[in-house]
Amino acid sequence: MARYLVRRILGALVILLVVTAVTYFLFFTAPSDPARLSCGSVCTPASYLQIKHNMGLDQPVYQQLWQYLSGIVAGRDIGSSHCDAPCLGYSFYNHKPVFDTLSGRFPATLSLVCGAVLVFLVLGVGAGLIAAARRGSATDKAVSVFALVGAAVQIYFIGILARYFFVDRLRWLPQPGYQPFTDGLGDWFGGMVLAWLVLAVVYTASYSRYTRSSMIDALNDDAVRTARAKGLPGSTVFFKYAGRAALTPVVTIFGLDLGHLLGGAMITETTFNIAGIGQTAVQAVEHQDLPTLVGVTLIAAFFMVLFGLLVDLVYGLIDPRVRLS
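Residues numbered from 1 in each chain as written. Predicted model: local features only at pLDDT ≥ 70, side-chain atom pairs only at ≥ 80, totals over all residues. Heavy atoms only, no water.

1. Some details on the packing of aromatic side chains
Step number 1: In this structure the tally under the stated criterion is 12 aromatic pairs.
Step number 2: Taking 6.4 Å as the distance between ring centres and 65 degrees as the angle between the ring planes, the aromatic pair formed by phenylalanine 120 and phenylalanine 254 counts as edge-to-face. Here phenylalanine 254 lies in helix α10 (residues 234–271) and phenylalanine 120 lies in helix α5 (residues 98–133), a separation of 134 residues in the sequence. Taken as a pair, phenylalanine 120 and phenylalanine 254 share a single burial class, namely buried.
Step number 3: Centre to centre, the rings of phenylalanine 302 and phenylalanine 303 are 5.3 Å apart; their planes meet at 75 degrees, and the pair counts as edge-to-face. (Phe/Tyr/Trp six-rings, centres within 6.5 Å; stacked < 30°, edge-to-face > 60°. Helix = DSSP H or I, 4+ residues; strand = E, 2+ residues; numbered from the N terminus. Buried < 20%, exposed > 50% of the residue type's maximum accessible area, 1.4 Å probe, protein only.)

Quick look at the structure:
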């Protein structure tokens, strides 16, 4: 296990290094000129050169990349300011440290993603298990119809409709938005519940379909038939034998979807005015704020790699046939 973790961690560091380098080169070799944008409409050549120097854009790209990577580990000087580690640079838009901006908005995104994950896992996996247990029944058909409809809708479409009906028209829910958990559980829950449900709708539909299909295959497995032949209780066979086997592919999909949730969070945060990392990324695109875009990409890549490692570890707990070595 220890050797496996060390090998995976070293591999993860290499992946993050490659992602950072590729992202940096793509963004900072773009045709836009951040120094010209920051200089404003009335810009003298001297002011333009000074701003470009302060941003570090007057150096070769490979040297900028090296300073960026070393700044993540040890910090670096940018112009007349010092950026403490982990330094992701200064925003071209608000001139604040990118890491401070993203870390300040991370709790909102974490609340959104964790709440949505809890909703779609409970509802999606639960509906899939019920549909598999009652295969061919009206319940099974209803779950299948919901899965088809849920897979066809888009987050931005149902987000706008949900906000109009439940907040503006019916007034069943307060205005959505993120309030820190420490400011009050009720305000935090009330501001996030609609965003959780909207972000979870598509994933609930998918997971009900995945779980149903995987569970039906597991119930037809020889090991499950043998357990039934031995006279084990039906609930034991269903959950312990078939359930554990059926959850393995679901865990794989879950690990991939955790990374994709950031894309859904961008739309959801913008729709419900939640000041999270997704909304920050949208604003960075609008203002061509390259350091913030690189920082968001690096954080997304970090969590993708982390989730992949966690999925492999969960495999060993769910399926005893998997050995991590």
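2. Considering the packing of α5 against helix α11 (residues 277–286)
Step number 1: It is at 7 Å that the axes of α5 and α11 come closest, and there the two elements cross at 130 degrees. It follows from the interaxial angle that α5 and α11 lie oblique. Judged by residue contacts, Thr101, Leu102, Arg105, Phe106 and Thr109 of α5 engage Ile277, Gly278, Gln279, Thr280 and Gln283 from α11.
Step number 2: Its residues assigned to classes, the contact of α5 with α11 comprises three nonpolar, six polar and one charged. (Axes fitted to C-alpha atoms, helices over the stretch in contact; angles between N-to-C directions. Parallel < 35°, antiparallel > 145°, perpendicular 65-115°, else oblique. Contact = heavy atoms within 4.5 Å. Nonpolar A, V, L, I, M, F, W, Y, C, P; charged D, E, K, R; others polar.)

3. Quick look at the nonpolar core
Step number 1: In this structure, Leu112, Val117, Phe120, Trp196, Leu199 and Leu261 are the most contacted members of the largest nonpolar core, which totals 31 residues.
Step number 2: When residues in this core are grouped by element, the largest group, 12 residues, is from helix α8 (residues 185–219).
Step number 3: Excluding its chain neighbours within four sequence positions, the residues that come into contact with valine 117 are Phe254, Leu258 and Leu261.
Step number 4: In this structure, Tyr24, Leu65, Val98 and Leu102 belong to the second largest nonpolar core, which totals 12 residues. (Core = buried A, V, L, I, M, F, W, Y, C linked by side-chain atoms within 4.5 Å.)

4. Here we look at the state of the cysteines
Step number 1: Going through the model one piece at a time under the given rule, you end up with one disulfide.
Step number 2: Covalent S-S linkage joins cysteine 83 and cysteine 87, the inter-sulfur distance amounting to 2.2 Å. Classification of the bridge connecting cysteine 83 and cysteine 87 rests on its S-S torsion, roughly 110 degrees, and on that basis the disulfide is right-handed. Comparing cysteine 83 with cysteine 87 shows no difference in burial state: the two are buried. (Disulfide = S-S within 2.5 Å.)

5. A look at helix α9 (residues 222–229)
Step number 1: Where α9 begins, the capping side chain belongs to aspartate 221, and its oxygen is found 3.0 Å from the backbone nitrogen of alanine 223.
Step number 2: Just downstream of α9, glycine 231 is the residue with a positive phi angle, here 85 degrees. (Polar contact = N/O pair within 3.5 Å; in protein donor to acceptor, adjacent residues only side chain to side chain.)

6. A few points about the confidence of the model for the protein chain
Step number 1: Confidence along the protein chain averages 83 in pLDDT terms, with 93% of residues attaining 70 or more.
Step number 2: Mean pLDDT across the elements of the protein chain bottoms out in helix α2 (residues 34–39) (72) and peaks in α5 (90). (pLDDT = per-residue confidence, 0-100.)

7. Considerations on the pattern of salt bridges
Step number 1: Considering all chains together, one arrives at two salt bridges under this definition.
Step number 2: Here arginine 225 ties to aspartate 222 by a salt bridge, and the two come within 2.9 Å at their closest N and O atoms. Residue arginine 225 and its partner aspartate 222 are located together in helix α9, separated by three residues, close to a single helical turn. (Salt bridge = Lys/Arg side-chain N within 4 Å of Asp/Glu carboxyl O.)

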